Amino acid sequence: MNAPLKSPHWSTRMGPSGFKLNQRPTLEKQVLPLELSLLDDIVKEIVDATSAPPELTEATLLGAMSIACQHLIDVDCPGGGRGPTSLFLLSSADSGERKSTIENFIFKPIFDIDHRNRLKAEKDNQLFDRDMMVWKAKVNQVRKELYAALRDSSPLDEIEDRLADVLRSKPTRTVAPRFIYRDESIRNLQIGMATSWPSAALVASESTGLFSSRNAESLPSLSAIWDGRPIDVGRAKMPPIYVPSPRLTISLMLQPLMIRGYLGKQTGIARISGLLARFWVVEPLSTQGSRQIHPSQMGDPKNTEATKRLHQRLLQYLEASTQRKSDQRTVVRFSPQAQQIWLELYNAVESELGAGGSLVDVKDCASKIANIMSRIAALIHYSLGRPGDIDVKTALYARNLSIKSLNNFKQLFGIRSHEEITQANAMRLNKFLTDKVTILMNGGFLGMAKSLNGEIYFEKSELENGGPLRPKALLDDALAQLAARGVVALTTLGRKNVVRFSPQASAQLPRSDAG
């Protein structure tokens, strides 16, 4: 097969045995339209500013687009009809990968408008208690007059009219539109969407609260919202909740051990309910240990021009969404040429779902991936203000990101033998070591890779504590795999156990982002 499709600068690590498409040339050699290159510029700006993994930036950027646009647009998915553009996003990353820092960069206009709406509502409600007291007094006065008229058999028409007028004038408390909820229970989220604003986002970093026992009964309702169905909840001794056309973005970051151990269970509620299959999934390589700041970089201003341009557009969409009803959404469609891109992905995935197919163990996710692609394409198209229908290059861009997610999902949740897991970990470790050596060769200092007498080595304890593989047994198996291929050699330096690294042998191995 050909090399897997890749977007130009956004990471597209497929995994050692990733799903691939065997058709048209990749976008890699094509010139991106100005609007699409803006996405790469944003990722570069934020990675330069934070030294965070680019994949986390991608996920957060897609989340921001989803939050800002989900109330304004639907997508006409080829073969699937009209549906939401909301995304569910899951990032597998260890604590300390700076996801919160990235969110503060990208979500700034959303945080700002939430704060502004809250302040305005508080100001509008300052006189609410007084107005409600006056209104209740008026109701009581008219009620007394009504009782007296009934007792005296007097005419009621005038009193009834005045009572109707008073009831219609009941003060209402201003409820601020709220876009972002953090670590809320699903019940509270549903109440907020019913009383505040029907389009929202649930954002959580390093939290398993969404999948806790308190939410177990409600998890299937999130799948229904993703599908575009109403929120319709009725429980004994609780007020009913109804939202006719909700839109929900979810952005989660969980640690890899939690994802593989808890969510990865085939019998888990998140998997059985179909919720997990609806997530766009990313598992970046850690940048921890390589984020040193060189003295020459101290005080340098960070370029954020591309991010500011996106912020302006997102703010415009957020403000517009509060002025538009749910039944007034714009429908974004694929051009005939872009439909062909979608169809190629759909058919290629479908052919791997049968017995013996490469995606049979993740068919729950694979069956949703073409829909996810259509959502990403519509969000990129609309967020960047591109004219007309979704074009070929936008469709390819979205398809590449969807393929990456599908392979990440398979790597995290697919059924693999011990040998396959060890091989995948070996390729992951090789990529990690190579990146650290690149930093060393480019003049990095205090990095994990070290050089002595022309040889490159790593201290094994540092790999155990700051490398990409934990627990230690996974690292040892991967090192043994690489040692068998001559990439590393385990030895000692003084009293330290070290891993000697051969760049020449490493270059002969397939890269984990090349498939």
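Sequence order as written defines residue numbering, which begins from 1 separately in each chain. Per-residue local features of the predicted model are confined to residues with pLDDT of at least 70, and side-chain atom pairs are confined, for both listing and counting, to 80 or more; whole-chain, interface and lining totals are unaffected and use all residues. Excluding hydrogens and water, the side-chain values take into account all heavy atoms of the structure.

## A short note on the overall build of the protein
- Each helix is a run of H or I in the DSSP string that is no shorter than four residues. Each strand is a run of E no shorter than two, and both are numbered from the N terminus. When helices and strands are tallied, the protein shows 19 helices and 14 strands.
- Burial statistics for the protein: of 515 residues in total, 50% are counted as buried.
- Note on contacts: a residue pair qualifies if any of its non-hydrogen atoms lie within 4.5 Å across the two residues. Of all intrachain contacts in the protein linking residues separated by at least 6 positions in sequence, the fraction that spans at least 24 positions is 76%.
- A total of about 23800 Å² of accessible surface is found on the protein, and carbon and sulfur atoms cover 52% of it. Partly exposed describes any residue whose relative accessible area lies between the buried limit of under 20% and the exposed limit of over 50%, with all areas from a 1.4 Å probe on protein chains only and scaled to the type maximum. Only the protein chains shown count as cover for residues, and all accessible areas are computed by the Shrake-Rupley method using a 1.4 Å probe.

## Notes on the pairing of strand β9 (residues 279–282)
- Neither face of β9 is left uncovered, since the one carrying Phe-279 and Val-281 and the one carrying Trp-280 and Val-282 both have all their residues buried.
- Summarising the sheet, strand β3 (residues 88–92) and β9 pair through four bridges and their orientation is parallel. For Leu-89, the partnering residue across the bridge sits in β9 and is Trp-280. Any two strands with at least two DSSP-identified bridges between them are counted as paired.

## Quick notes on the environment of Arg-162
- On the secondary structure map, Arg-162 appears in helix α6 (residues 157–168).
- Of the residues examined, Arg-162 reaches a relative accessible area of 31% and is grouped as partly exposed.
- Separated by 23 residues in sequence, Arg-162 and Val-139 place their C-alpha atoms 9.5 Å apart.
- When residues no more than four places from it in sequence are discounted, the contact partners of Arg-162 are Val-142 and Glu-145.

## Description of the sheet that holds strand β8 (residues 247–254)
- Strand order in this open sheet of five strands is β4-β5-β8-β3-β9, and the pairing throughout is parallel. The outermost strands of the open sheet, each flanked by one partner alone, are β4 (180–182) and β9. Averaged over all neighbouring strand pairs, the angle between strand axes comes to 15°, with direction disregarded.
- With three bridges connecting them, β4 and strand β5 (residues 199–205) associate as parallel partners. Each bridged residue has a counterpart across the sheet, and for Ile-180 the counterpart in β5 is Ala-201. Lines are fitted to the C-alpha atoms to define the axes, a helix being fitted only along its stretch in contact, and any angle between axes, read from their N-to-C directions, falls within 0 to 180 degrees.

## Notes on the environment of Asp-183
- Position of Asp-183 among the secondary structure elements: in the loop between β4 and α7 (186–195).
- In sequence terms Asp-183 and Ser-205 are 22 residues apart; their C-alpha atoms lie 8.5 Å from each other.

## A few points about the pairing of strand β14 (residues 496–501)
- Direction of pairing for strand β12 (residues 455–459) relative to β14: antiparallel, over a ladder of four bridges. Bridge pairing in β14 links Tyr-457 to Arg-500.
- The pairing of strand β13 (residues 488–493) with β14 spans six bridges and is antiparallel. When the bridges of β14 are listed, Leu-490 appears paired with Val-499.
- Once β13 ends, the chain turns through two residues before running back antiparallel as β14, passing Gly-494 with a positive phi of about 65°.

## Details of a negative patch on the surface
- Patch membership is restricted to residues that have no salt bridge and whose relative accessible area is over 30%. Joining uses 9 Å for like charges and 5 Å for the nonpolar side chains Val, Leu, Ile, Met, Phe, Trp and Tyr. Salt-bridge detection follows one rule: a side-chain nitrogen of Lys or Arg within 4 Å of a carboxyl oxygen of Asp or Glu. Charge counting follows a simple rule: Lys and Arg are positive, Asp and Glu are negative, and His as well as the terminal groups are ignored. A charge is said to be at NZ when it belongs to Lys, at CZ for Arg, at CG for Asp and at CD for Glu. Together, Asp-157, Glu-158, Glu-160 and Asp-161 make up a negatively charged patch on the protein surface.
- The topology assignment puts Asp-157 in helix α6.

## Quick look at helix α11 (residues 305–321)
- An expected span of 1.5 Å times one less than the residue number is assigned to each helix. An ideal rise of 1.5 Å per residue puts 24 Å on 17 residues; α11 measures up with 25 Å between its terminal C-alpha atoms.
- Looking only at α11, the buried set comprises Ala-306, Thr-307, Leu-310, His-311, Leu-314, Tyr-317, Leu-318 and Ser-321. Down the axis of α11, the buried set is contained in an arc of 135°. They therefore lie on one face. Here, the arc refers to the directions that run from the helix axis to the C-beta atoms.

## Focus on unusual backbone geometry
- Going from Arg-470 to Pro-471, the amide bond is cis rather than trans, its omega being 5°.
- Mapping Pro-471 onto the fold places it in the loop between α17 (460–466) and α18 (472–484).
- The residue Ser-153 is not glycine, and still its phi comes out positive at about 55°.
- Along the chain, the position of Ser-153 falls in the loop between α5 (128–152) and α6.
- Here the phi dihedral of Asn-453 falls at roughly 55°; this positive angle occurs in a residue that is not glycine.
- Inspection of the secondary structure puts Asn-453 in the loop between β11 (450–452) and β12.
- Assessed through its relative accessible area of 76%, Asn-453 is described here as exposed.

## Observations concerning the confidence of the model for the protein
- Looking at the protein, the pLDDT average stands at 83 and 84% of residues meet or exceed 70.
- pLDDT gives the predictor's per-residue confidence on a scale running from 0 to 100. Segment residues 1–17: pLDDT under 50, and 68 contacts once partners within four positions in sequence are set aside and those in other chains are kept.
- Predicted confidence for residues 23–32 stays below pLDDT 50, and this span has 27 contacts to residues more than four positions away or in other chains.

## Description of the packing of aromatic side chains
- Ring pairs shown here join Phe, Tyr and Trp side chains whose ring centres sit within 6.5 Å, with only the six-membered ring taken for Trp; geometry is labelled stacked below 30 degrees between planes, edge-to-face above 60, and tilted in between. For the coordinates displayed, the defined rule picks out six aromatic pairs.
- Plain terms: the ring middles of Phe-107 and Phe-111 are 6.0 Å apart, the flat faces sit at 75° to each other, and that makes the pair edge-to-face.
- Consider the ring centre and the ring normal. A charge sits over the ring if Lys NZ or Arg CZ is within 6 Å of that centre and within 35 degrees of that normal. Over the aromatic face of Trp-226 sits the side chain of Arg-375, whose NZ or CZ is 3.6 Å from the ring centroid.

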